[in-house]
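# Summary of the model geometry
If you want the building blocks of each chain, they are given just below.
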Amino acid sequence: MKDKEFYLSAEIKYNCVDVVKMWGTDFELKVYSLTDTDYEVAENCIELYGASKPDLYAFEVSLDDELSYDYMNDAIVWYANHIGNPDMEVLRTDPRADFLHDNLPKTEI
């Protein structure tokens, strides 16, 4: 990981679980719980997803932020380590449908 210093914002002004920021910049990574909310992708944002059963996350940054592409992945890795889940899988697509399918009760015919 590049040498960047991330931290969790004490002020949550969005309807999300956490906001990861980077010292000395305007970078913000919004973290949403997909297991606790009805997350919908916001306009003008880049989103990635995180899966670590039983938790599912959506990570979102604004396209208006020039640092979005450069720091998003590093911020997700930092966040996964911060919450004690360094093996979190980062995905490009929403994992909710797959997760629900994998957890449906098995029926015998």
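Note that the structure is a prediction, hence the values are computed from the model and not measured.

## Topic: the pattern of salt bridges
When the charged atoms of two side chains lie near each other, side chains of opposite charge can form a pair. On inspection of all chains with the given rule, the structure shows two salt bridges. When the shortest N-O distance is used, the salt bridge between Glu-28 and Lys-21 registers 3.3 Å. Grouping residues by exposure puts Glu-28 and Lys-21 together as buried. With a closest N to O distance of 2.5 Å, Asp-94 and Arg-96 form a salt bridge.

## Topic: the nonpolar core
Membership of the largest hydrophobic core comes to 19 residues, with the highest contact counts inside it found for Phe-6, Val-20, Phe-27, Leu-29, Phe-59 and Met-72. The biggest single contributor to this core is helix α1 (residues 68-82), with seven residues. Sequence-distant contacts of Leu-29, that is, excluding residues within four places in its chain, are made with Asp-18, Val-19, Val-20, Phe-59, Glu-60, Val-61, Met-72, Ala-75 and Ile-76. If you look at the next biggest cluster of nonpolar residues, it comprises ten residues, including Cys-16, Tyr-49, Ala-51 and Ala-58.

## Regarding the sheet that holds strand β4 (residues 45-52)
Judged by pairing direction, the sheet is antiparallel, and its six strands sit side by side in the order β1-β2-β3-β5-β4-β6 without closing on themselves. Each of the sheet's edge strands pairs with one partner strand only, and the pair in question is β1 (6-8) and β6 (89-91). On average, each strand axis in the sheet is tilted by 25° relative to the strand beside it, whichever way the strands run. One ladder, built from four bridges, connects strand β2 (residues 18-22) with strand β3 (residues 28-33); its direction is antiparallel. Residue Lys-21 lies in a different strand from β3, and its bridge partner there is Glu-28.

What counts and how
- Residues numbered from 1 in each chain as written.
- Predicted model: local features only at pLDDT ≥ 70, side-chain atom pairs only at ≥ 80, totals over all residues.
- Heavy atoms only, no water.
- Salt bridge = Lys/Arg side-chain N within 4 Å of Asp/Glu carboxyl O.
- Buried < 20%, exposed > 50% of the residue type's maximum accessible area, 1.4 Å probe, protein only.
- Core = buried A, V, L, I, M, F, W, Y, C linked by side-chain atoms within 4.5 Å.
- Helix = DSSP H or I, 4+ residues; strand = E, 2+ residues; numbered from the N terminus.
- Contact = heavy atoms within 4.5 Å.
- Pairing = 2+ DSSP bridges.
- Axes fitted to C-alpha atoms, helices over the stretch in contact; angles between N-to-C directions.

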